[in-house]
Amino acid sequence: MAKKLLLEKAHVEGIRYFDVYRREGGYASVEKALKMEPAAIVEEVKKSGLRGRGGAGFPSGMKWSFLAKPEGVPRYLVCNADESEPGTFKDRYLMEFIPHLLIEGLIVSSFALGSNRTYIYIRGEYAWIVAILEQAIAEAKQNGFLGKNILGTGFDCEIYVQRGAGAYICGEETALIESLEGKRGNPRIKPPFPAVKGLWDCPTVVNNVETLAAVVPIINMGGEEYAKIGVGRSTGTKLISACGNINKPGVYEIDMTISVEEFIYSDEYCGGIPNGKRLKACIPGGSSVPILPANLLLTTAKGETRYMNYESLADGGFTTGSMMGSGGFIVLDEDQCVVKHTLTLARFYRHESCGQCSPCREGTGWMEKILMKLENGKGEMSDIDLLWDIQRKIEGNTICPLGDAAAWPVAAAIRHFRDEFEWHVNNPEVCTTQNYGLAHYADPIHVPA
Amino acid sequence: MIKFSDEQLKQVQELVARYPEGKQKSALIPLLHMAQDTRGGWLSAETMDEVASLLQLEPIEVYEVATFYSMFNLQPVGKHVFEVCQTGPCMLNGSDRIIAHIKKRLGIGVSETTPDGLFTLKTVECLGACGYAPMMQYGITYREHLTEEKVDAIIEECKRDNHG
Amino acid sequence: MAEVKTVKVTIDNITVEVPQGTSILQAARMIGGDVVPPAMCYYSKLEGSGGKCRTCLVEVSKGSEADPRPMPKLVASCRTGVMDGMEVRNITSDRVKDARNGVVEFLLLNHPLDCPICDQAGECHLQDLGYEHGKEATRYEFKRRTFEKHDLGPYIQLHMTRCILCYRCVYTADQLTEKRVHGVLSRGDYAEIATYIEKSLDNNFIGNVIDVCPVGALTDKTFRFKNRVWFTKPVTAHRDCSSCCGKVTLWQRGEEVLRVTARKDQWGEVEEWICNVCRFDKKKTSDWTIEGPSHVSRHSVISQGHYEHLVQPKETFTAVHDGRHPQLLMDIHSVSEVNDKTAKTKS
């Protein structure tokens, strides 16, 4: 059993409540951290090698050290709980089961960054979790861990929960800030970055839920110890939300040394593919990262075992690899149609485009329409090349990463499953009722007897 | 014109106090949620104008925000709103079947309301419940691992609710 | 007074010294000519504008003297500040040309291409952009997005179908008037400029939204369908106005004033804002002190056949373009009789 740092206590009866959480050792990191210099906390986070768990994987300690500290200007910490990347539901799990862990991480991080008002921006649909978090905040406050003069150290901090109202784009940190200011979720043009000019034009750090929760074990065990877990630059543990065609969908905490094969087939994790079906493809890190056919998923192009960590999942770049992303692990079995699946993702990104910049506003809808044509057996061969060209012209040319997120799934689907797209063109009647099937995409290792 | 109750006005004050002075615009989205929840599940132009004056905003600032976010309904909706997810992972687990079933059971299409005003069916994009697919949002909670039978039970539950 | 620090930036191999804090686009405008990236949403007089249309994307091949690393992505030149020693590639970069072609295609995707009946034709920035960077045919085969036309009060008509969502009119209302009543509603490809409920735009400076609109989405109702801009003669004029600068361009046909606009600079930007009274109510020549004919670039269709003593340029087309081949894909003279020299004699 891999070491768990975040979810170890998640299923202790009553852990949602302060008393139980405290009895289980909760809030120790606050007691420790508030005796430290803020800069020393940042140093520990740097040493831990923690990388942003929202998707981009940027080193968190480095992000913290960029925070500007002009005299007399408030600084803010904002927790990004706008989890919306298809395939991702790990933050929800953490907040629902062990909310105090997030609050604890937020108090330590607020102290390290000098934030006296800290906001949790949660996606609007997670309405019931707002109550869970507010309850945890109220309990922490009653027990002196929040509010004025925390633990007699002179540090004041309040945490507020702000609900969004249905917009994936607000997971992008500057769109989130705009939304928190009561505006449309239009991402800002950078620079300036939030570390210099963020919420209400003040220096701001925006971190994902899991990232901030990870600060708790980092302070408790020390950055160096934390860095020993995992492998290479993939330190610590990572929450993976597994879904799609697997026997045991759910949230798993892994230490990033296990192989993709073990993650999918072991009973400890996904438990294999249901109904005796075979693995066809997988999106390992949330809908925007490249989809991989089974043969490139379990082993890299060089034939080496692929592991569940940042480097190994990215091995081969976008040509033959993918990304760890947000940890949204989506599995497709042999009955699934890659064209249709890509269409649902294209529709998602079209629906979620803020509409501010032209490549994303116009390009996402165009891709969806062409995919609809292909899926319905009305496509032509030239549509596949056109689709490729459109995604290429969106990628890298937009204000925010949503353009890339919309382009990558389409690119990877064509790159790896071009013959399935061509089959749709060549079999216009059949493709609406039947699937292309497994073809040569099958997992070469797990062949049913 | 409908007005916010004193109780609600007190909540507005508390909300505004969460932000630094002069930043009351930040309370806009929470306030729109509050208004929608207590006024039949949608936002009329009058409601939005009232919210604007409470927060000292121009009405257009409220319209711009309300039309941006998919959770705000700008047209009347049924008493029970089913919002079924149809994105990738839910599709892999049969959300198409669930949507087709609800359409058949209620005799309405997507974005339509039953003539008795009881039900509205909406399709939505990923709600972050991919491991519990197929699913839908109903009220403030999620209904997950949906099957045709489960959907029927939820519809019955709504109808009972209405008589009770 | 503190001395303004200057920095050196090289754009398409031309080096220029500009004040610190200048954007790449503004630096390029100081050089002038072909190295200036096109801008559909940026407007130097509107704070916060720019960054959205992506037509001004450029490649930064050297970040600065201090940090020479190139920037990995193309950047919006209107919103990226220059650094000392920065090297920028605009028309010398194939990446930029490729991306810009893409952006132009995206901007035209849902644009109606109704130029023959659009009042903006002849002074439309999207039309110019399309001629310079577009293809002769579209690859888009689906139904284009359309909207109903709306009257925004007595003077301005909104034809949303033509809008490219540059946000300039929103910034204009925010920055020139005390109460904005129109804005951007909905999101993604449903986003639109609107008032939500029927409202009239009646602020005394709101007429400026017509001048900042790069396309024919916001047009002057007092001029709609009265004439084509290339038949009218722009004349620089002024009057004593109690609310604005009173410095305008009159667009005349014979002695008749068909339209009044603010004066525009070589980038098509308003020089000074004017009020609605000057714009919509002062339509008699006697209302104005005429200064003389306005300068119109010879490249503009508006310059065709306006002036009494017009001298045919002696240079060849290639010479005018400094040896480059013309970028026009279509010869305007061959397709439209309105540019026929014989048609202008009546005046």
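Residues numbered from 1 in each chain as written. Chains lettered and ligands numbered in written order. Predicted model: local features only at pLDDT ≥ 70, side-chain atom pairs only at ≥ 80, totals over all residues. Heavy atoms only, no water.

**Here's the deal with the nonpolar core**
Residues A:Trp64, A:Leu102, A:Ile103, A:Ile120, B:Leu32 and B:Tyr69 are the most contacted members of the largest nonpolar core, which totals 172 residues. Considering every element that reaches this core, the biggest residue donor is helix H18 (residues 402–426) of chain A, with ten residues. With near-sequence residues (within four places) excluded, A:Leu102 lies in contact with A:Cys79, A:Leu94, A:Met95, A:Ile120, A:Leu133, A:Val209 and A:Leu212. Counting 54 residues, the second largest nonpolar core, distinct from the first, contains C:Cys41, C:Val170, C:Val260 and C:Ile274. (Core = buried A, V, L, I, M, F, W, Y, C linked by side-chain atoms within 4.5 Å. Buried < 20%, exposed > 50% of the residue type's maximum accessible area, 1.4 Å probe, protein only. Helix = DSSP H or I, 4+ residues; strand = E, 2+ residues; numbered from the N terminus. Contact = heavy atoms within 4.5 Å.)

**Side note on the interface of chain A and chain C**
Across the contact, 35 residues belong to chain A and 33 residues belong to chain C. Carbon and sulfur atoms make up 50% of the area that chain A and chain C hide from each other, which totals about 2900 Å². Summed over the shared surface of chain A and chain C, the result is seven salt bridges. The closest approach of N and O atoms between A:Asp404 and C:Lys73, which form a salt bridge, is 3.1 Å. The interface formed by chain A and chain C contains 21 residue pairs in polar contact (both at pLDDT 80 or more). Elements represented by at least two residues in the side of chain A that touches chain C include exactly helix H15 (338–352), helix H16 (358–375) and helix H17 (381–394) of chain A. Looking at which element gives the most residues to the side of chain A that touches chain C, the answer is H16(A), with ten residues. (Buried area = accessible area lost by both parts, 1.4 Å probe. Salt bridge = Lys/Arg side-chain N within 4 Å of Asp/Glu carboxyl O. Polar contact = N/O pair within 3.5 Å; in protein donor to acceptor, adjacent residues only side chain to side chain.)

**Structural notes on the interface of chain A and chain B**
Across the boundary between the two partners, chain A contributes 57 residues, which contact 41 residues of chain B. The junction of chain A with chain B conceals about 3800 Å² of combined surface from both sides, 57% of it contributed by carbon and sulfur atoms. Across the contact surface, chain A and chain B share four salt bridges. Where B:Asp96 meets A:Lys340, a salt bridge forms, and the shortest distance between an N and an O atom there is 2.4 Å. At the junction of chain A and chain B, the tally comes to 26 residue pairs in polar contact (both at pLDDT 80 or more). Contributions of two or more residues to the side of chain A that touches chain B are made by helix H5 (90–97), strand S2 (115–122), helix H7 (127–142), strand S3 (158–163), helix H8 (173–180), strand S7 (238–244), strand S11 (328–333) and H15 of chain A. Broken down by element, the residue count for the side of chain A that touches chain B peaks at eight residues, all from H15(A). Split by residue class, the side of chain A that touches chain B holds 27 nonpolar, 17 polar and 13 charged. (Nonpolar A, V, L, I, M, F, W, Y, C, P; charged D, E, K, R; others polar.)

**A look at the state of the cysteines**
Here, the word disulfide means a covalent bond between the sulfur atoms of two cysteines. All names here are of chain C. Taken as a whole and judged by the stated rule, the model has zero disulfides over all chains. In this model Cys163 remains outside any disulfide bridge; the closest cysteine sulfur is found in Cys166, 6.4 Å from its own. Unpaired in terms of disulfides, Cys244 finds its nearest cysteine sulfur in Cys275, a separation of 3.6 Å. (Disulfide = S-S within 2.5 Å.)

**A closer look at the domain arrangement of chain B**
Under the domain assignment, chain B is made up of domain 1 (6–68) and domain 2 (80–163). On a C-alpha basis, the centres of domain 1 of chain B and domain 2 of chain B stand 29 Å from each other. (Domains from an automatic or database assignment.)

**Things to note about the pairing of strand S1 (residues 80–85) of chain B**
All names here are of chain B. Most of S1 sits inside the fold, with six of its six residues counted as buried. Because side chains alternate across S1, one face comprises the buried residues His80, Phe82 and Val84, and the other comprises Val81, Glu83 and Cys85, equally buried. Relative to strand S3 (residues 119–124), S1 runs parallel, the two sharing six bridges. Bridging from a neighbouring strand, Cys85 pairs with Val124 of S3. Alignment of S1 against strand S4 (residues 136–138), held across three bridges, turns out to be antiparallel. Looking across to S4, one finds that Phe82 is bridged to Tyr138. (Pairing = 2+ DSSP bridges.)

**Thoughts on the environment of C:Ser286**
As for its placement among the helices and strands, C:Ser286 is situated in the loop between helix H6 (276–281) and strand S14 (289–293). Expressed as a C-alpha distance, the spacing of C:Ser286 and C:Arg239, which sit 47 residues apart in the sequence, is 10.0 Å.

**Concerning the environment of A:Val338**
Within the element layout of this structure, A:Val338 appears in helix H15. Taking the C-alpha atoms as reference points, A:Val338 and A:Gly14, separated by 324 residues in sequence, lie 42 Å from one another.

**Notes on a nonpolar patch on the surface**
All names here are of chain A. On the surface, a nonpolar cluster with roughly 290 Å² of combined accessible area is contributed by Phe58, Met62 and Phe66. Mapped onto the elements of the fold, Met62 is located in helix H4 (residues 60–65). We classify Met62 as partly exposed; its relative accessible area is 38%. (Patch = residues over 30% accessible without salt bridge, like charges linked within 9 Å, V, L, I, M, F, W, Y side chains within 5 Å. Areas by Shrake-Rupley, 256 points an atom, 1.4 Å probe, with all protein chains shown as cover.)

**Examining the packing of aromatic side chains**
Any two aromatic rings considered together are summarised by their centre-to-centre distance and by the angle between their planes. Scanning the entire structure with this criterion turns up 39 aromatic pairs over all chains. Residues A:Phe263 and A:Tyr269 carry aromatic rings whose centres are separated by 5.3 Å and whose planes lie at 35° to one another, so their mutual orientation is tilted. This pair shows no difference in class: A:Phe263 is buried, exactly as A:Tyr269 is. Ring geometry for C:Tyr43 against C:Trp273: centres 6.3 Å apart, planes inclined by 25°, an arrangement best described as stacked. Taken together, the residues C:Tyr43 in the loop between helix H1 (24–31) and strand S3 (57–62) and C:Trp273 in the loop between strand S13 (256–262) and H6 connect sequence positions 230 residues apart. Across this residue pair, the class does not change: C:Tyr43 and C:Trp273 are buried. Put simply, the rings of A:Tyr76, A:Tyr119, A:Tyr160, A:Trp200 and B:Tyr19 touch in pairs and so form one group of aromatic residues. A cation sits over an aromatic face here: A:Arg123 above A:Tyr126, 5.5 Å from the ring centre. (Phe/Tyr/Trp six-rings, centres within 6.5 Å; stacked < 30°, edge-to-face > 60°. Lys NZ or Arg CZ within 6 Å of the ring centre and 35° of its normal.)

**Side note on helix H6 (residues 99–113) of chain A**
Side chains three or four residues apart in an α-helix point the same way, a direct result of the helix having 3.6 residues per turn. All names here are of chain A. Spanning 15 residues, H6 covers 21 Å between terminal C-alpha atoms, matching the ideal 21 Å at 1.5 Å per step. The buried count for H6 comes to 15 of 15 residues, which makes it a mostly enclosed element. One or two residues past the end of H6 sits Gly114, with phi positive at roughly 80°. (Expected span 1.5 Å × (residues − 1).)

**Re the domain arrangement of chain A**
Residue and element names in this part refer to chain A. Domain annotation of chain A identifies domain 1 (18–228), domain 2 (234–333) and domain 3 (338–432). Computed over C-alpha atoms only, the centres of domain 2 and domain 3 are separated by 23 Å. With 16 residues of domain 2 at the interface, the matching set in domain 3 holds 13 residues. When residues of domain 2 are sorted by the area they lose upon contact with domain 3, Ser288, Ile291 and Phe318 head the list and together hold 40% of the total. Taken together, the links from domain 2 to domain 3 amount to one salt bridge.

**Section: the pairing of strand S11 (residues 233–238) of chain C**
Successive side chains on a regular strand alternate, one facing one side of the sheet and the next facing the other. Residue and element names in this part refer to chain C. Across six bridges, the pairing between S11 and strand S12 (residues 247–253) is antiparallel. Within the sheet, the bridge partner assigned to Ala237 lies in S12 and is Val248. Judged from the four bridges that link them, S11 and S14 form a sheet pairing that is antiparallel. Within S14, the position partnered with Val235 by the bridge is Pro293.

**Some remarks on the sheet that holds S7(A)**
Residues and elements named next belong to chain A. If you trace the five strands from one edge of the open sheet to the other, you get S8-S7-S11-S9-S10, paired in mixed fashion. Where the open sheet ends on each side, the last strands, each with one partner, are strand S8 (250–254) and strand S10 (292–293). Here S7 runs beside S11; their pairing, made up of four bridges, is parallel. Residue pairing for S11: Cys243 is matched across the bridge by Ile330.

**Describing unusual backbone geometry**
With omega at 5°, the peptide bond leading from A:Pro191 into A:Pro192 counts as cis. Within the secondary structure, A:Pro192 sits in the loop between H8 and strand S4 (204–208). The phi dihedral of A:Trp200 is positive, around 50°, even though this residue is not glycine. Within the fold, A:Trp200 resides in the loop between H8 and S4. Even without glycine at this site, C:Tyr167 takes up a positive phi of about 70°. The topology assignment puts C:Tyr167 in the loop between strand S7 (156–159) and helix H4 (168–176).

**Things to note about the side chain of A:Asn245**
Along the chain, the position of A:Asn245 falls in the loop between S7 and S8. Within the structure, the side chain of A:Asn245 is placed 3.0 Å from the backbone nitrogen of A:Asp333, a separation counted as a polar contact. When residues no more than four places from it in sequence are discounted, the contact partners of A:Asn245 are A:Gly272, A:Ile273, A:Pro274, A:Val331, A:Leu332, A:Asp333, A:Gln336, B:Leu92 and B:Asn93.

**Here's the deal with the sheet that holds S14(C)**
Residues and elements named next belong to chain C. Pairing within the open sheet is antiparallel, and its four strands lie in the order S13-S12-S11-S14. The open sheet has two edge strands, S13 and S14, and neither has a second partner. Direction aside, neighbouring strands of the sheet carry axes that sit 35° apart on average. Summarising the sheet, S12 and S13 pair through six bridges and their orientation is antiparallel. Bridged to Val248 within S13 is Ala262. (Axes fitted to C-alpha atoms, helices over the stretch in contact; angles between N-to-C directions.)

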